[in-house]
Amino acid sequence: MSKTNYGALTDPTLAALTKKGDEAAFEEITIRYIKLIYSIASHYKTDGYDIQDFAQEGLLAFLIACKTYDEECSASFKNYAVKCAKNRFSDIVKMSSSKSKVPSEKLVSMNNLSEREADANNVENYVLEKEYLKTMLMHLDKLLSADERLVFNMYAQGYSYKEIAQKINSTPKKVDNVLQKIKRKLRKQG
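What counts, and where the lines are drawn
Residues numbered from 1 in each chain as written. Predicted model: local features only at pLDDT ≥ 70, side-chain atom pairs only at ≥ 80, totals over all residues. Heavy atoms only, no water. Axes fitted to C-alpha atoms, helices over the stretch in contact; angles between N-to-C directions. Helix = DSSP H or I, 4+ residues; strand = E, 2+ residues; numbered from the N terminus. Parallel < 35°, antiparallel > 145°, perpendicular 65-115°, else oblique. Left-handed = near helix turned anticlockwise from the far one by under 90°. Contact = heavy atoms within 4.5 Å. Nonpolar A, V, L, I, M, F, W, Y, C, P; charged D, E, K, R; others polar. Core = buried A, V, L, I, M, F, W, Y, C linked by side-chain atoms within 4.5 Å. Buried < 20%, exposed > 50% of the residue type's maximum accessible area, 1.4 Å probe, protein only.

Side note on the packing of helix 2 (residues 23-41) against helix 3 (residues 51-68)
Here is step 1 of the chain: Put simply, helix 2 and helix 3 touch, their axes get as near as 9 Å, and they point 135° apart. With respect to their mutual orientation, helix 2 and helix 3 come out oblique. At the point where helix 2 passes helix 3, the crossing takes the right-handed sense. For the pair helix 2 and helix 3, contact is made by Phe26, Ile29, Thr30, Tyr33, Ile34, Ile37, Tyr38 and Ala41 and by Ile51, Gln52, Phe54, Ala55, Gly58, Leu59, Phe62, Leu63 and Cys66, respectively.
Here is step 2 of the chain: Residue composition of the contact of helix 2 with helix 3, grouped by class: 14 nonpolar, 3 polar and no charged.

Structure follows, in structure tokens:
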């Protein structure tokens, strides 16, 4: 049985595999987009959320994008996933600023059971997906050395190889080597 070379697969193919429950496909597509997720997350601010919180929410939106992307639509996967993340971030900011005021469109009739069941399923899926991401991030923490985690986190936050090298007193080539080693480790796990 041959191993799949996830690095050679297209984004829509990885999204389709993720939709079918392939964790290695999601890890690969996350590696491709983690820097972009952190970059977008850095533009949003609200009480009680720091960049890490927004990035985690962005990863969750990204997972949902993988599970809902339809290759037949006119949008590229990247544009679709970015829109999902931005919508999620905007929702968080709006909910935070509205505080305790509940908009009338969010109120659900007590007579409409199917809507309440759908909302319960959405909450359950949200909790399960958030738990999956938490597990994946814990797996990353165990898999990577402290130095690798440091480089990976800076890279994910949008620092260039040169900036990372300056911060850790190294060279851009060594930073590239560390990031390539991280990718190999993640692919080996998949």
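What follows picks up the thread again.
A look at the nonpolar core
Here is step 1 of the chain: In this structure, Phe26, Ile29, Phe62, Cys66 and Phe77 are the most contacted members of the largest nonpolar core, which totals 39 residues.
Here is step 2 of the chain: Residue assignment for this core shows that the elements contributing at least two residues are helix 1 (11-19), helix 2, helix 3, helix 4 (77-98), helix 5 (113-143), helix 6 (146-156), helix 7 (161-167) and helix 8 (172-189).
Here is step 3 of the chain: Grouped together as the second largest cluster of nonpolar side chains are 8 residues, Ile40, Ala41, Ala61 and Val82 included.

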